Amino acid sequence: MIYKTIGWASIILTTLLLALSVVPGAMSVLASFAELVVLVVSILSIKAGSTFYFKVTAIVTAAGIFLVNDGLRLYEPLPQISWMNRISVYCVFLMICLLANLYAKKAMRAREK
């Protein structure tokens, strides 16, 4: 039950942080990093027996990073943010997703035994 609560809290919090990503300036950068932290916390919800909560959180986080955030988005980002900074955030997001998928596969195999 606690893992489902963590999952729903992750989805709700990430959605609220998505709204903060629209605000230009430093607030959007802080919201993006907070979304990544919530994404890491949502990995715990995989123990609930499903990857639903993590996948929804990852999709909302990806939308925030790649589409909404003014400094990180793929189209017309702010010119002050270097490509190196953007690519590092993209890589952190991809690494979190990769590690969560590996953890999910490991957890599913353990349940089958």
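Procedures and definitions
- Residues numbered from 1 in each chain as written.
- Predicted model: local features only at pLDDT ≥ 70, side-chain atom pairs only at ≥ 80, totals over all residues.
- Heavy atoms only, no water.
- Helix = DSSP H or I, 4+ residues; strand = E, 2+ residues; numbered from the N terminus.
- Polar contact = N/O pair within 3.5 Å; in protein donor to acceptor, adjacent residues only side chain to side chain.
- Core = buried A, V, L, I, M, F, W, Y, C linked by side-chain atoms within 4.5 Å.
- Buried < 20%, exposed > 50% of the residue type's maximum accessible area, 1.4 Å probe, protein only.
- Contact = heavy atoms within 4.5 Å.
- Expected span 1.5 Å × (residues − 1).
- Arc of directions from axis to C-beta.

**Q** Before we go on, may I ask you to explain the side chain of Asn-69 in this structure?
**A** Turning to its location among the elements, Asn-69 is positioned in the loop between helix H3 (52-68) and helix H4 (83-112). At 2.7 Å, the side chain of Asn-69 forms a polar contact with the backbone oxygen of Ser-28.

**Q** Sorry if this is basic, but what is going on with the nonpolar core here?
**A** Generally speaking, a soluble globular protein has its nonpolar side chains buried in company with each other. Formed by 18 residues in total, the largest nonpolar core has its most connected members in Leu-39, Ile-46, Phe-54, Ile-65 and Phe-93. When residues of this core are traced back to their parent elements, those giving at least two are helix H2 (26-41), H3 and H4. Leave out the neighbours within four places in its chain, and Ile-46 touches Thr-51, Phe-54, Ala-100, Tyr-103, Ala-104, Ala-107 and Arg-111.

**Q** I would appreciate a short explanation of H2 in the present structure.
**A** An α-helical turn contains 3.6 residues, so any two residues separated by three or four positions project in the same direction. For H2, built from 16 residues, the straight-helix expectation of 22 Å at 1.5 Å per residue is met to within 8% by its first-to-last C-alpha distance of 23 Å. Here H2 has its buried residues at Ser-28, Ala-31, Ser-32, Glu-35, Leu-36, Val-38 and Leu-39. Here the buried residues of H2 occupy an arc of 165° about the axis, which is enough to place them on one side. Relative to its buried face, H2 has exposed residues pointing more than 90 degrees away, namely Ala-26, Leu-30 and Val-37. In the core, the buried residues of H2 are packed alongside helix H1 (2-21), H3 and H4.

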